[in-house]
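Take a look at the letters that make up each chain.
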There are 2 protein chains.
Amino acid sequence: MDDHEVAVCRLSHRPGRDDRMTTHVGLTARALGADRVVFPDNATGPAETVEDITGRFGGPFDVELNASPKRLVREWPGTVAHLTMYGLPVQDVEADLRAAHAEEPLLVVVGGEKVPFEVYEHADHNVAVTNQPHSEIAGLAVVLDRLFEGRELDREWTDADRVVVPKATGKEVVEPDDGE
Amino acid sequence: MDDHEVAVCRLSHRPGRDDRMTTHVGLTARALGADRVVFPDNATGPAETVEDITGRFGGPFDVELNASPKRLVREWPGTVAHLTMYGLPVQDVEADLRAAHAEEPLLVVVGGEKVPFEVYEHADHNVAVTNQPHSEIAGLAVVLDRLFEGRELDREWTDADRVVVPKATGKEVVEPDDGE
């Protein structure tokens, strides 16, 4: 969405059990301004779902399967922010994240069931959206909304098959205006 | 957290299939400043999980099973905000939500698979966190963070068995200071 990429990486995935959570991580990344989501390579179902949504509701947004998300974290050519309830408060870190993203690509790492200690060490920022246990999807949403300071909510989409028209009551879905 | 209650209501639940999503709705409501979550009465597993987390990490936070969440919506003595990708942009509605919550209790309704049209009609606000399909958990997180303007991140908890200490790297969990 901006000059430098924001990618979201989901570290681990258990097929079946994690399908909806991983899918929601990907859809949240797409809807809230990230440029790309990276899933472990066993998350083929969630990857297909996110690609299908991008095909229907527009992009650009990339979905990537990666055999070693941990290597992606190690070798990322920019800033790495790891979301964890053990980290520093997002309200104290968000300005640093914005400053870093103004200069270089940002990787937002969303944990799975067991996050190895090396991820905490490789991260430039371990970020907590409260130090309470809740949801990696909720944490990702708050971090992206604060990173982009709400600009992501006004993002325009290209190559959509359908567009939802905001309404006070009810549902309206139209074909995109060709003039756009 | 404030003078007037904020409750979050999950409209429908499919045991098994929706357990993690419903649990995450409840944990997100708790962590991000709501006072109470209401689940359909078949969501006993998620209710137990949220109560267990409240017992360990503190409250106050109430979990309630309700035989008719739709009736709760109809009879709510305050403002009802229904989260839906078909609604009006959260950035346009949030000031109205804050003003309403300053005066009376606020019910934030999170849909399930099929939301009946009466919920759209009974809602004072149908609110969209983008008009893109993503995650009710992500939508709830953004709405609560904007409703409370970040104050929820500094909330203090009572009667916790354990407290996570924010750290730049690693994990630290302590027993709460009895002096608190």
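Structure first, text after, so check above.
Heads up: these notes are all about the structure in this document. (Residues numbered from 1 in each chain as written. Chains lettered and ligands numbered in written order. Predicted model: local features only at pLDDT ≥ 70, side-chain atom pairs only at ≥ 80, totals over all residues. Heavy atoms only, no water.)

**Thoughts on the overall build of chain A**
Item 1. When helices and strands are tallied, chain A shows 6 helices and 8 strands.
Item 2. When the helices and strands of chain A are placed in sequence order, the string is β-α-β-α-β-α-β-α-β-α-β-α-β-β.
Item 3. By the compact-globule yardstick of 16 Å for 180 residues, chain A fits well, its C-alpha radius of gyration being 16 Å.
Item 4. Overall size of chain A, expressed as C-alpha extent along the three principal axes, is 50 × 35 × 30 Å.
Item 5. Here chain A holds 180 residues, and 57% of them are scored as buried.
Item 6. If you take every contact in chain A between residues at least 6 apart in sequence, the share linking residues at least 24 apart comes to 82%.
Item 7. When the accessible surface of chain A is totalled, it reaches about 7,700 Å², and 43% of it is carbon and sulfur. (Helix = DSSP H or I, 4+ residues; strand = E, 2+ residues; numbered from the N terminus. Rg over C-alpha atoms; globule rule 2.2 N^0.38 Å. Buried < 20%, exposed > 50% of the residue type's maximum accessible area, 1.4 Å probe, protein only. Contact = heavy atoms within 4.5 Å. Areas by Shrake-Rupley, 256 points an atom, 1.4 Å probe, with all protein chains shown as cover.)

**Looking at the packing of aromatic side chains**
For any pair of aromatic rings, the description consists of the separation of the ring centres together with the inter-plane angle of the planes.
Item 1. Following the criterion strictly, the structure yields 2 aromatic pairs over all chains and no others.
Item 2. Ring plane angle 20° and centroid distance 6.1 Å describe the contact between Phe117(A) and Tyr120(A), whose orientation is recorded as stacked. You can see Phe117(A) and its partner Tyr120(A) sitting in helix H5 (residues 117-122), 3 residues apart, about one turn around the helix.
Item 3. The buried category is assigned to Tyr120(A), whose relative accessible area is 4%.
Item 4. Positioned above the aromatic ring of Trp157(A) is the side chain of Arg30(A), whose terminal nitrogen or guanidinium carbon lies 4.1 Å from the ring centre.
Item 5. One Lys or Arg, Arg162(B), reaches over the ring of Phe57(B) and ends 5.8 Å from the middle of that ring. (Phe/Tyr/Trp six-rings, centres within 6.5 Å; stacked < 30°, edge-to-face > 60°. Lys NZ or Arg CZ within 6 Å of the ring centre and 35° of its normal.)

**Regarding helix H4 (residues 90-103) of chain A**
Residues and elements named next belong to chain A.
Item 1. Compared with an ideal rise of 1.5 Å per residue, which puts 14 residues at 20 Å, H4 spans 19 Å between its outermost C-alpha atoms and is within 8% of the ideal.
Item 2. For H4, every residue scored as buried is listed here: Val90, Val93, Glu94, Leu97, Ala100 and His101.
Item 3. Where H4 is buried, its residues touch strand S1 (6-10), strand S4 (79-89), strand S5 (106-110), strand S6 (125-128) and helix H6 (136-147). (Expected span 1.5 Å × (residues − 1).)

**Examining unusual backbone geometry**
Item 1. In this chain, Gly59(A) is followed by Pro60(A) through a cis amide linkage whose omega measures 0°.
Item 2. By the element assignment, Pro60(A) lies in the loop between helix H2 (44-57) and strand S3 (62-66).
Item 3. Positive phi outside glycine occurs at Thr130(B), with the angle close to 65°.
Item 4. Looking at where Thr130(B) falls in the secondary structure, it is placed in the loop between strand S6 (125-128) and helix H6 (136-147).
Item 5. Even without a glycine there, the phi angle at Asp159(B) is positive, about 60°.

**Some thoughts on helix H2 (residues 44-57) of chain B**
Item 1. Its 14 residues give H2(B) an end-to-end C-alpha distance of 20 Å, which sits within 8% of 20 Å, the value for a rise of 1.5 Å per residue.
Item 2. Buried residues of H2(B): Pro46(B), Ala47(B), Val50(B), Ile53(B), Thr54(B) and Phe57(B), and no others. Here the buried residues of H2(B) occupy an arc of 125° about the axis, which is enough to place them on one side.
Item 3. Where H2(B) is buried, its residues meet S4 of chain A together with helix H1 (19-31), strand S2 (36-40), strand S3 (62-66) and strand S7 (163-164) of chain B.
Item 4. Just downstream of H2(B), Gly58(B) is the residue with a positive phi angle, here 110°. (Arc of directions from axis to C-beta.)

**Digging into the sheet that holds S1(A)**
Residues and elements named next belong to chain A.
Item 1. The strand order across the open sheet built from 6 strands is S3-S2-S1-S5-S4-S6, with neighbouring strands paired in parallel fashion. Each of the sheet's edge strands pairs with one partner strand only, and the pair in question is S3 and S6. When the angles between neighbouring strand axes are averaged without regard to direction, this sheet yields 30°.
Item 2. Of the strands in this sheet, S1, strand S2 (36-40) and S5 touch helix H1 (residues 19-31), which is tilted by about 175° from S1. (Pairing = 2+ DSSP bridges. Axes fitted to C-alpha atoms, helices over the stretch in contact; angles between N-to-C directions.)

**Re the nonpolar core**
Item 1. In terms of nonpolar packing, the biggest core is built from 108 residues, with Val8(A), Leu107(A), Val8(B) and Leu107(B) touching the most fellow members.
Item 2. Here Leu107(A) is in contact with Ala7(A), Cys9(A), Leu72(A), Val73(A), Trp76(A), Thr79(A), Val80(A) and Ala81(A), once residues within four sequence places are set aside. (Core = buried A, V, L, I, M, F, W, Y, C linked by side-chain atoms within 4.5 Å.)

**A closer look at the sheet that holds strand S1 (residues 6-10) of chain B**
Residues and elements named next belong to chain B.
Item 1. As summarised here, the arrangement of the 6 strands in space is S3-S2-S1-S5-S4-S6, forming an open sheet in which the pairing is parallel. Of all strands in the sheet, those bounded by a partner on one side alone are S3 and S6. Put simply, the sheet's adjacent strands are angled 30° from each other on average, direction ignored.

**Some details on the relation of the copies chain A and chain B**
Item 1. For the pair chain A and chain B, the best superposition has an RMSD of 0.0 Å and corresponds to a rotation of 180° with a translation of 0.0 Å parallel to the axis. The transformation just described matches what one would write down for a two-fold rotation axis. By C-alpha distance to the rotation axis, the residue of chain A lying nearest is Ala138(A), at 2.4 Å.
Item 2. Take the interface residues of chain A: 100% of them recur as interface residues in chain B, which is what a same-surface contact looks like. (Least-squares fit on C-alpha atoms with pLDDT ≥ 70 in both.)

**What about the interface of chain A and chain B?**
Item 1. Contact residues are listed per partner, giving 53 residues for chain A and 53 residues for chain B.
Item 2. Applying the counting rule to chain A against chain B returns 4 salt bridges.
Item 3. Of the charged contacts in the structure, one is a salt bridge between Asp18(B) and Arg20(A), with a shortest N-O distance of 2.6 Å.
Item 4. Between the two partners, chain A and chain B, sit 16 residue pairs in polar contact (both at pLDDT 80 or more).
Item 5. Secondary-structure elements contributing two or more residues to the side of chain A that touches chain B are H1, H2, S4, H4, H5 and H6 of chain A.
Item 6. By residue class, the composition of the side of chain A that touches chain B is 26 nonpolar, 13 polar and 14 charged. (Salt bridge = Lys/Arg side-chain N within 4 Å of Asp/Glu carboxyl O. Polar contact = N/O pair within 3.5 Å; in protein donor to acceptor, adjacent residues only side chain to side chain. Nonpolar A, V, L, I, M, F, W, Y, C, P; charged D, E, K, R; others polar.)

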